[in-house]
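One-letter residues, chain by chain:
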Amino acid sequence: MHASQGRSASLGLALASAFAFGGSGVAAKPLIEAGLDPLHVVWLRVAGAALVMLPVAWRHRDLVRSRPVLLLGFGLLAVAGVQAFYFAAISRVPVGVALLVEYLAPALVLGWVRFVQRRPVTRRAAVGVVLAVGGLTCVVEVWSGLGFDVVGLLLALGAACCQVGYFVLSDQGSTDGADGVEPPNPVGVIAYGLLIGALVLTAVAQPWGMDWSVLGGSAAMDGTDVPAWLLLVWIVLLATVIAYVTGVISVRLLSPAVAGVVACLEAVIATVLAWVMLGEHLSAPQLLGGAMVLIGAFIAQSSTPRTPSGPVASGPGTRVVERPGNGRADAEGELSSGRAAT
């Protein structure tokens, strides 16, 4: 009875995390359309969340000495890079389309494994890649001559590439495979990733030139005016802090397979929310293509080969990786949602 209740609670946390992450674009797009630059919205999100997580960073300050490369990789790629590209993409293409393009990351990881590392991939993995790419052609409706903004699609692809970069860095720099080495605390890494991301984005976005008056006004969500400050609170607290924390907790309690399936719901949730709250309707072929992308991404991720030296970090379709030889989820794999936190 207690075990069943525990699984239900864990599943609920995972669903809450997917819902929170999925709502980030829906809350950010009205602010961008109200006059804020996408980079400024990213800076507000990351800097606000970094302030909230500052006590956590102080508690885990030993990570600065023990895992500097991991912290830099997470902050630069999974936080600053992914979010900057993603928010720039949704300023030009629908939220659901941008997120589905980002879900190509597992297929790109397999490409890295096969053609750069020259490691074999399974036939199942190849099927996943074909499904994901085929689904993407439906999402962007390639038969209509790429009716979507090509720059927007390239920006979304840039978000996927940033995720791949972080996954590869985690794989190459991981020392968790050594016996007796305690994996880094995932919440601590998230806190420092947000701090590093905020510092980088401060230099890039130059928020002192932001039109701060926008935050005192309202933003339109499919014709309904919503206070801009309320959307900012949504982005910082719900779509970042709560999303990360609930995601990490749920990953520790769920199996990798279940966590991966639930994480895939982020794209579905984002598409539905954008449909309902922003009026961004996707066609039937796009919805079918989106399903193909998610299924292909999950197959590709679950088929990624593991190496004895450390984990191959997971992609947007899942938030955990397993150590070879046991069933325990690796803490670094828990950070893979750094999708990375879109």
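In what follows, the structure referred to is the one given above.
Procedures and definitions
Residues numbered from 1 in each chain as written. Predicted model: local features only at pLDDT ≥ 70, side-chain atom pairs only at ≥ 80, totals over all residues. Heavy atoms only, no water. Phe/Tyr/Trp six-rings, centres within 6.5 Å; stacked < 30°, edge-to-face > 60°. Helix = DSSP H or I, 4+ residues; strand = E, 2+ residues; numbered from the N terminus. Buried < 20%, exposed > 50% of the residue type's maximum accessible area, 1.4 Å probe, protein only. Polar contact = N/O pair within 3.5 Å; in protein donor to acceptor, adjacent residues only side chain to side chain. Contact = heavy atoms within 4.5 Å. 1 Å grid on protein atoms, 1.4 Å probe; cavity = no way out; pocket = protein on both sides within 12 Å on 5 of 7 lines; lining within 4 Å. Points joined across faces, edges and corners; volume = space filled by probe spheres on them. Nonpolar A, V, L, I, M, F, W, Y, C, P; charged D, E, K, R; others polar. Core = buried A, V, L, I, M, F, W, Y, C linked by side-chain atoms within 4.5 Å. Axes fitted to C-alpha atoms, helices over the stretch in contact; angles between N-to-C directions. Left-handed = near helix turned anticlockwise from the far one by under 90°. Patch = residues over 30% accessible without salt bridge, like charges linked within 9 Å, V, L, I, M, F, W, Y side chains within 5 Å. Areas by Shrake-Rupley, 256 points an atom, 1.4 Å probe, with all protein chains shown as cover. Salt bridge = Lys/Arg side-chain N within 4 Å of Asp/Glu carboxyl O.

### Remarks on the packing of aromatic side chains
Inference 1: With the rule as written, the count across this model stands at four aromatic pairs.
Inference 2: Aromatic pair Trp-43 and Trp-212: ring centres 6.2 Å apart, planes at 90°, arrangement edge-to-face. Here Trp-212 lies in the loop between helix H11 (186-205) and strand S1 (218-221) and Trp-43 lies in helix H3 (residues 38-52), a separation of 169 residues in the sequence.
Inference 3: A residue is classified by how much of its surface remains accessible, and Trp-212, at 43% relative accessible area, is partly exposed.

### Some thoughts on the side chain of Thr-271
Inference 1: Following the sequence through the fold, Thr-271 ends up in helix H13 (residues 256-278).
Inference 2: A polar side-chain atom of Thr-271 sits 2.8 Å from the main-chain carbonyl oxygen of Ala-267.
Inference 3: Beyond its immediate chain neighbours, meaning those up to four positions away, Thr-271 contacts Gly-96, Leu-282 and Leu-287.

### Let's talk about the side chain of Glu-280
Inference 1: One can find Glu-280 in the loop between H13 and helix H14 (284-302).
Inference 2: Polar side-chain contacts of Glu-280 include one of 2.6 Å to the side chain of Lys-29.
Inference 3: With sequence-adjacent residues up to four places away left out, Glu-280 is seen in contact with Lys-29, Pro-94, Val-95, Ala-274 and Trp-275.

### Structural notes on the layout of surface pockets
Once rolled over the atoms, a probe with the size of a water molecule shows which space is left empty.
Inference 1: Reported here for the largest pocket is a volume of approximately 220 Å³.
Inference 2: What lines the largest pocket is a set of 13 residues, and nearest its centre among them are Leu-63, Glu-182, Pro-183, Pro-184 and Asn-185.
Inference 3: Among the elements that make up the lining of the largest pocket, the one with the highest residue count is helix H5 (residues 63-66) (three residues).
Inference 4: Counted by class, the lining of the largest pocket contains five nonpolar, three polar and five charged residues.

### Observations regarding the nonpolar core
Inference 1: Membership of the largest hydrophobic core comes to 94 residues, with the highest contact counts inside it found for Leu-36, Val-41, Phe-74, Tyr-86, Ile-90, Leu-194 and Leu-231.
Inference 2: Counting residues per element, this core draws most heavily on helix H6 (residues 68-90), which supplies 12 residues.
Inference 3: With near-sequence residues (within four places) excluded, Leu-194 lies in contact with Val-46, Ala-49, Ala-50, Met-53, Val-79, Thr-240 and Tyr-244.

### Section: the environment of Leu-31
Inference 1: Within the secondary structure layout, Leu-31 lies in helix H2 (residues 24-33).
Inference 2: For Leu-31, a relative accessible area of 0% translates into the label buried.
Inference 3: Residues within four places of Leu-31 in sequence aside, it is in contact with Leu-36, Val-41, Ala-219, Ala-228, Leu-231, Leu-232 and Ile-235.

### Let's talk about the packing of H3 against H11
Inference 1: Taken N-terminus to C-terminus, the directions of H3 and H11 make an angle of 150°; their axes are 8 Å apart at the nearest point. As H3 runs across H11, the sense of the crossing is left-handed. Across the interface between the two elements, Leu-39, His-40, Val-42, Trp-43, Val-46, Ala-47, Ala-49 and Ala-50 from H3 touch Leu-194, Leu-195, Gly-197, Ala-198, Leu-201, Thr-202, Val-204 and Ala-205 from H11.
Inference 2: Residues that form the contact of H3 with H11 fall into these classes: 13 nonpolar, three polar and no charged.

### Regarding unusual backbone geometry
Inference 1: The backbone of Arg-118 shows a phi angle near 55°, a positive value even though the residue is not glycine.
Inference 2: For Arg-118, a relative accessible area of 68% gives the class exposed.
Inference 3: One non-glycine residue, Gln-206, lies in the positive phi region at around 50°.
Inference 4: Tracing the sequence through the fold places Gln-206 in the loop between H11 and S1.
Inference 5: A residue is classified by how much of its surface remains accessible, and Gln-206, at 41% relative accessible area, is partly exposed.

### Re a nonpolar patch on the surface
Inference 1: A contiguous nonpolar surface patch, about 620 Å² in accessible area, is contributed by Leu-11, Leu-15, Leu-265, Val-268, Val-272, Trp-275, Val-276 and Leu-287.
Inference 2: Examining the composition of the nonpolar patch, we find that five residues originate from one element, H13, more than from any other.
Inference 3: Within the secondary structure layout, Val-276 lies in helix H13.
Inference 4: Overall, Val-276 belongs to the exposed group, its relative accessible area being 59%.

Nothing here speaks to function; it is all geometry.
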